[in-house]
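Given next are the chains, with one letter for each unit.
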Amino acid sequence: MNKKIIFTVTNDLVYDRRMIRICESLATEGYDIWLVGRVLKHSLPFENALIRHKRFKLIFNKGKFFYLEYNIRLFFWLLFQRFDIVCGIDLDTILPCYYASKIHSALKFNGSKKAIPCVYDAHELFTEVPEVVRRPTIRRMWLAVERFIVPRLTYCYTVSQSIVEEFDRRYQTHFELIRNLPVRSILTATPRQSDKNIILYQGNLNEGRGLETAIEAMQYVDNAEFWIAGDGDLGAILRGMVSDLQLDKKVKFLGYVKPQDLDAVTHQATIGLHILEGTGLSYQFSLANKFLDYIQAGIPQICTQFVEHQRINDTYQVAVLIEKTDIQLLLNAIRLLLEDTELYNSMQQNCLKAAALLNWEMEEKLLKAFYATIS
């Protein structure tokens, strides 16, 4: 019988490209894969022949009662499942996974004499994201969870070298590095499908992403549009801001874009935008999806000069780095890429070279090797 792995997240599964990639890679390796998340009011059906799934419909969908309800329901659901490995994604799902694995191991629920491993997949440095950092009481709670759980786990991996080093500094615990690289795009080497300059942001519309700064900067950019692919907590505020500044013809909100359609949208862009604010170590240590997606699409980008961005840019020269999220610095970078054709073309070629190496087809080998070591 194939080993059954359950992965747990708190989000809507449809748009979680990282987890879909991970699950598909392991499913093709012969594992029986389950992905657990939640269903929201406007959620689309989750359809994937390789991945079985469970989605909780909750009473609470944000705040502390959401986390409490989700964790309780996840714990009891896991108790009545048979599995060989359970993997908690980030701190907000790891405790039910840990305790369910302990109970299964003690009671031999899966019919095996071996312990049931609990794996920790840290998509970010959870205790250092802006939403947590600005709320000291909440941060202390998540730090307590982190201090309790991380030293107790044997199998852990995360998405950037900086986070690997931070966990080692805090807990002397080794995390494997498995980066969230994009699937090799068949569109990368084809010509762009747009004849206008498009600055693209893709991702969640949350605080600390520099979106307010980007919208303000568009008042002074006459030869480009700003496309925003995604939605989130700041969606209504950002739309109101665009209306107040009378930028409706310059700023276009695409809403959530299905993962299978996002490559085509990205490929239309002239410049990718990834200007995280330095609010919290998680952002400073991040190696975000969009940074890598822009490279894969062959699009030069503007991003904040954080350590992981600098590390890759030193090797490949694919981005204009700015020291901080600032309107004038952003405008200077936009004008540089739009006006210096030689620089732009050079960066575009560098993206194409980097895309051949920084892709999921290369990185998934590390993922498969990691799970092959778990007995």
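For the structure, see preceding data.
Notes on the structure in this doc start here.

Rules used throughout
- Here, residues in each chain are numbered from 1, in the same order as that chain's written sequence.
- Confidence filtering applies because this is a predicted model: local features only for residues at pLDDT of at least 70, side-chain atom pairs given and counted only at 80 or more, and all residues used for totals across whole chains, interfaces and linings.
- Water and hydrogen atoms were dropped before computing side-chain values, which therefore reflect all heavy atoms in the structure.
- To obtain each axis, a line is fitted to C-alpha atoms, and for helices this fit is confined to the stretch in contact; angles are then taken between N-to-C directions over 0 to 180 degrees.
- In this description a helix means any DSSP run of H or I spanning at least four residues, a strand means any run of E spanning at least two, and both kinds are numbered starting from the N terminus.
- Comment on the angle field: the value is read as roughly parallel under 35 degrees, roughly antiparallel over 145, roughly perpendicular from 65 to 115, and oblique elsewhere.
- Contacts between residues were defined by any pair of non-hydrogen atoms, one from each residue, lying within 4.5 Å.
- Think of it as three bins: nonpolar holds Ala, Val, Leu, Ile, Met, Phe, Trp, Tyr, Cys and Pro, charged holds Asp, Glu, Lys and Arg, and polar takes everything else, Gly as well.
- The cut-offs for exposure are 20% and 50% of the maximum accessible area for each residue type, with area from a 1.4 Å probe on protein chains only; residues under the lower value are buried, those over the upper are exposed, and the others partly exposed.
- Note on convention: near helix rotated counterclockwise from far helix by under a right angle means a left-handed crossing. Clockwise means right-handed.
- We define a nonpolar core as any set of buried Ala, Val, Leu, Ile, Met, Phe, Trp, Tyr and Cys residues linked to one another through side-chain atoms lying within 4.5 Å.
- Two strands form a pair only when DSSP identifies at least two bridges running between them.
- Each salt bridge in this description consists of a side-chain nitrogen of Lys or Arg and a carboxyl oxygen of Asp or Glu lying within 4 Å of one another.

## Notes on the packing of helix α5 (residues 136–149) against helix α6 (residues 161–171)
Now for step 1: Two elements in contact, α5 and α6, have axes whose closest approach is 11 Å; the angle formed by their N-to-C orientations is 80°. The orientation of α5 with respect to α6, classified from their angle, is roughly perpendicular. Residues Leu143, Glu146 and Arg147 of α5 form the contact with α6, whose participating residues are Phe167, Arg170 and Tyr171.
Now for step 2: Along the lines of polarity and charge, the residues of the contact of α5 with α6 split into three nonpolar, no polar and three charged.

## As for unusual backbone geometry
Now for step 1: For Asp90, which is not a glycine, the phi torsion comes out positive at approximately 65°.
Now for step 2: On the basis of relative accessible area, Asp90 is assigned to the buried category, the value being 8%.
Now for step 3: Despite not being glycine, Gln172 shows a phi value in the positive range, around 50°.
Now for step 4: Within the secondary structure, Gln172 sits in the loop between α6 and β7 (176–177).
Now for step 5: Taking relative accessible area as the criterion, Gln172 reaches 63% and is therefore assigned exposed.

## Observations concerning the packing of helix α1 (residues 17–28) against helix α15 (residues 360–372)
When two helices pack together, their arrangement is given by the angle between the helix axes and by the axis-to-axis distance.
Now for step 1: Packing of α1 against α15 brings their axes to within 10 Å, and their N-to-C directions diverge by 65°. Crossing handedness for the pair α1 and α15: right-handed. Counting all contacts with α1, which are made through Arg21, Ile22, Ser25, Leu26 and Thr28, the residues of α15 involved are Trp360, Glu364, Leu367, Lys368 and Tyr371.
Now for step 2: Per-class residue counts for the contact of α1 with α15 are five nonpolar, two polar and three charged.

## As for the nonpolar core
Now for step 1: Among the nonpolar cores identified, the biggest contains 40 residues, and Leu78, Tyr120 and Phe167 are the most heavily contacted of them.
Now for step 2: Secondary structure elements with two or more residues in this core: β2 (32–38), α2 (63–79), α3 (91–107), β5 (118–122), α5 and α6.
Now for step 3: Here the element with the most residues in this core is α2; it accounts for seven residues.
Now for step 4: Residues in contact with Phe167, not counting those within four places in the same chain, are Tyr120, Ala122, Leu125, Glu146, Val150, Gln172, Thr173 and Phe175.
Now for step 5: Core analysis: the next-biggest nonpolar cluster, separate from the first, contains 32 residues, Tyr201, Ile275, Val320 and Met347 among them.

## Examining the pairing of strand β4 (residues 85–89)
Now for step 1: Among the five residues of β4, five are classified as buried, and the element is accordingly described as predominantly covered.
Now for step 2: The side-chain alternation of β4 yields two buried faces, one formed by Ile85, Cys87 and Ile89 and the other by Val86 and Gly88.
Now for step 3: For strand β1 (residues 4–12) and β4, the ladder comprises four bridges, and the chain directions are parallel. Residue pairing in the sheet places Ile5 in a bridge with Ile85 of β4.

## Considering the pattern of salt bridges
Now for step 1: Summed over all chains, the structure comprises 19 salt bridges.
Now for step 2: The partner of Glu166 in a salt bridge is Arg169, and the shortest N-O contact between them spans 2.6 Å. Pair noted here: Glu166 and Arg169 are both in helix α6, with a separation of three residues, about one helical turn.
Now for step 3: By relative accessible area, which is 54% here, Arg169 ends up exposed.
Now for step 4: One connected set of salt bridges, linked through shared partners, spans Glu128, Arg139, Glu146, Glu166, Arg169 and Arg170.

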